[in-house]
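Structure at a glance
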Amino acid sequence: MSDDKFDVIVVGGGIAGTVASYLLAKEGLSVVLVERGNFCGSKNMTGGRLYAYSLEEVMPGFANEAPVERKVFKERISLLTMDQSVTLDVRSPKFAESGNDSYVVLRSSFDRWLGEKAESEGAMIVAGYRVDDLIVRDDKVCGIISNGEEMDADVVVLADGVNSLLAEKLGMKKPLRPEHVAVGVKEVIQLTRGEIDERFGLSGDEGCAWSFFGANTDGIQGGGFLYTNKDSISIGLTCNLQKLSEGSKPLMQLMNDFQSHPVVAPLVKGGNLIEYSAHLEPEAGAKMIPQLYGNGVLVIGDAAGLTLNLGHKVRGMDLAVISAQCAAQAILEAKSREDFTASSLRKYKDLLDVSSAIQNIEARDKYLEFMENPLLYNAYPLMIVDMLARLFVVKGGRAQTIFDDILKNIEALGKNQIENDFKAVKKL
Amino acid sequence: MNMKIMVCVKQVPDTEMIKVDPVTGSLIREGVPSIINPFDLNALEAALQLRGEYGGNVAAVCMGPPQAEEALRDCLAMGADSAVLISDRVFKDSDTLATSYVLSLAARQFGPFDLILCGKHSLDGETGQVGPQIAEFLGWNQVTYVSKMTRTEEGFVIDREMEGGIEKVMTRTPIVCTVTKTHYEPRKATMKGKLMAKKAHVETVDSKTLNGLDTGRIGLVGSPTSVAKSFVPPDGEPGTVIEEPTAVESAAKLIKLLTKAEAI
Ligand SMILES: Cc1cc2nc3c(=O)[nH]c(=O)nc-3n(C[C@H](O)[C@H](O)[C@H](O)COP(=O)(O)OP(=O)(O)OC[C@H]3O[C@@H](n4cnc5c(N)ncnc54)[C@H](O)[C@@H]3O)c2cc1C
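What comes next concerns the included structure. (Residues numbered from 1 in each chain as written. Chains lettered and ligands numbered in written order. Predicted model: local features only at pLDDT ≥ 70, side-chain atom pairs only at ≥ 80, totals over all residues. Heavy atoms only, no water.)

1. Observations concerning the overall build of chain B
Along its length, chain B carries six helices and 13 strands. Oriented by its inertia axes, the alpha-carbon framework of chain B measures out at about 70 × 50 × 40 Å. Within chain B, the proportion of its 264 residues that are buried is 44%. Long-range pairs, those at least 24 residues apart, make up 70% of the contacts in chain B between residues at least 6 apart in sequence. Summed over its atoms, the accessible surface of chain B is roughly 14,800 Å², and 53% of this surface lies on carbon and sulfur atoms. If the 28 positive side-chain charges of chain B are averaged to one point and the 34 negative ones to another, these points end up 5 Å apart. (Helix = DSSP H or I, 4+ residues; strand = E, 2+ residues; numbered from the N terminus. Buried < 20%, exposed > 50% of the residue type's maximum accessible area, 1.4 Å probe, protein only. Contact = heavy atoms within 4.5 Å. Areas by Shrake-Rupley, 256 points an atom, 1.4 Å probe, with all protein chains shown as cover. Lys, Arg positive; Asp, Glu negative; His and termini not counted. Charge placed at Lys NZ, Arg CZ, Asp CG, Glu CD.)

Now the structure itself:
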């Protein structure tokens, strides 16, 4: 290695960037990771839960060492109307089994730790520098430019997150469209450990993951989430950006209403707001995936549009790890050939295509249209919650059977609509 | 006209993050990140600019705990040529006198220097004593509150920032100066500077390797200062706003109030 040129420069110290740096440095490549925040993770947010399987492959046993908050033992899903709710509560030792396990994380400590792991393998982190542009010579990316200063590398890995302006500049990625992203807001609310254990029925390091649908997004495509940390909770909402701008309430108000809902209010009561953040999330599936490789450049993580939101399961961090792994392998092979052209780096896409990341995203694409159905976020939750609520009401007179009730509801919504939606479900 | 410059730096708790224990009145330092005392960065910037103009080299020196090495690496990243960390448990609890004593020994050991630059004071102690005391230990000239330095044949013309004006001082080297923030806005390290600093050597000395150290003059025993009490000053009384319909009436009211308070 000459002093002025590195094997790899990674842009962005999120999950994708730190893991890629770790893997490459471990194999002896000279790696510089440039992060605009003051340290890796300082600017990053997530809902809260990391599915462990992929990072486990990279760093076996990571959860014993990493600053994870709690291990998820309990899953809850709630459907909300303005004043009613139905909650499913699933508790299972299966959630804790190795391979199935998932952890609630806070990015500022978690990504920082990942950064330190990368450094311990020899990667060099330069934090506090925003990469403004890329050096392109003869149609090949040859390095980065920050604050007027240039730095050269054989390969630049773009791990700069959902709004990758750098991939956009290279023409690899189209500008984000509001209908293709969700905007998320999150508050971290401090409570004592004891309060959390009591409110959520947990003990020790057990954690709870909870998603909410229905009135909390005012009928807008999206949902609410709540994750328990050690001594705080992460609570937030995500809404499709386009739908939100067509809706009548601003996100902040939805968030306030959500937190005053009778199911949610007692959970956050008396807590101290210690962090507020907002972030975009790609949610348009495979059609958002940009050109993934070029001469001297790869795009990974959120920058590559790799997220998978199924409502009750939000995945992005685990996919960021997978893409980092594929990218690292492709770069190592390219390095052995000393060939960093697009045709050599294409290996990254080949690996990713057969990985579970892309396969799951493609599988989910079938749901995309279905998930845009507005009835999913207002009429259906209302109907289900209403029916279940009536199931428990006794008020004298001749009791209605649940079937009468269902029929009545179907009529109210319009038979055709329901038939169509039912067909859509069958198609999935 | 190469100059050897020593810059004294220390770490302080990031005041933006610091809280005061409402019960004991002491600073809660736990979990508060450390930063380089901002005025020390002005001193370093001054040194780097002087080196840029006149040639020479800059040594950053810090007496502090092992983790202060990070601060010294930041100095190297900004452009200091070398860094010395003076670190030993026996230095713990040193007051400004003991600290200046240690730094003056370092100046002898790693010098000779033409110039020693310090920040005008530290954010945590705010005494502004270390620079002047180093000068006394070394028997050098000293200039405090320095906003700008210009080299002359024999020494420097120095702007001293006084209340209400600038005092121009001419002095011969060697000098100790304490620097304000007016002119020497610290530069941002380059990425390459940062990378280089990660690998650079930080010279470390302890009580055994610091030449001529009298251990009776350091740590708690060597520190005549003792803190009698630290407390949060009570909030001041809110002021009175005079807003009468006319200026004449306002003035009349002001005079009435001042008279009542026996201020006039
Ligand atoms: C509200 C919400 C909830 C979510 N919940 C979950 C969840 O529960 N589980 C899950 O797995 N996923 C979740 N996700 C998705 C997940 O957070 C992302 O997929 C993940 O953060 C992607 O990681 P990344 O490293 O690709 O990008 P990021 O984490 O966005 O990291 C990008 C990094 O690049 C840096 N950067 C950007 N531009 C530059 C530049 N020009 N120069 C230098 N540095 C730069 C940034 O500072 C940042 O550190 C959620 C997302 C949102 C918005």
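2. A closer look at the interface of chain B and chain A
Listed as interface residues are nine residues of chain B and, on the opposing side, 17 residues of chain A. For the pair chain B and chain A, the summed buried area comes to about 1,100 Å², and 63% of that belongs to carbon and sulfur atoms. Ranking the residues of chain B by area buried against chain A places Met191, Lys192 and Leu195 of chain B at the top, with a combined share of 57%. Put simply, chain B and chain A have one salt bridge between them. For Lys198 of chain B, the salt bridge is made with Glu119 of chain A, and the minimal N-O distance between the two is 3.6 Å. (Buried area = accessible area lost by both parts, 1.4 Å probe. Salt bridge = Lys/Arg side-chain N within 4 Å of Asp/Glu carboxyl O.)

3. Some words on helix α8 (residues 251-260) of chain A
Among the residues of α8 of chain A, those classed as buried are Leu251, Leu254, Met255, Phe258 and Gln259 of chain A. Down the axis of α8 of chain A, the buried side of the element spans an arc of 130°, and every buried residue falls inside it. (Arc of directions from axis to C-beta.)

4. Observations regarding the environment of Thr307 of chain A
Residues and elements named next belong to chain A. Within the secondary structure layout, Thr307 lies in the loop between β17 (297-299) and β18 (308-309). Given a relative accessible area of 5%, Thr307 falls into the buried group. Along the sequence, Thr307 and Met255 sit 52 residues apart, while their C-alpha atoms lie 23 Å from each other. A distance of 2.5 Å separates a polar side-chain atom of Thr307 from the backbone oxygen of Pro282. (Polar contact = N/O pair within 3.5 Å; in protein donor to acceptor, adjacent residues only side chain to side chain.)

5. Concerning the packing of aromatic side chains
In the structure shown here, the tally under the stated rule is eight aromatic pairs over all chains. Members of the aromatic cluster, joined through ring pairs, are Phe62, Tyr103, Phe110 and Trp113 of chain A. Residue placement shows Arg217 of chain B over the ring face of Tyr101 of chain B; its charged tip is 4.3 Å from the ring centre. (Phe/Tyr/Trp six-rings, centres within 6.5 Å; stacked < 30°, edge-to-face > 60°. Lys NZ or Arg CZ within 6 Å of the ring centre and 35° of its normal.)

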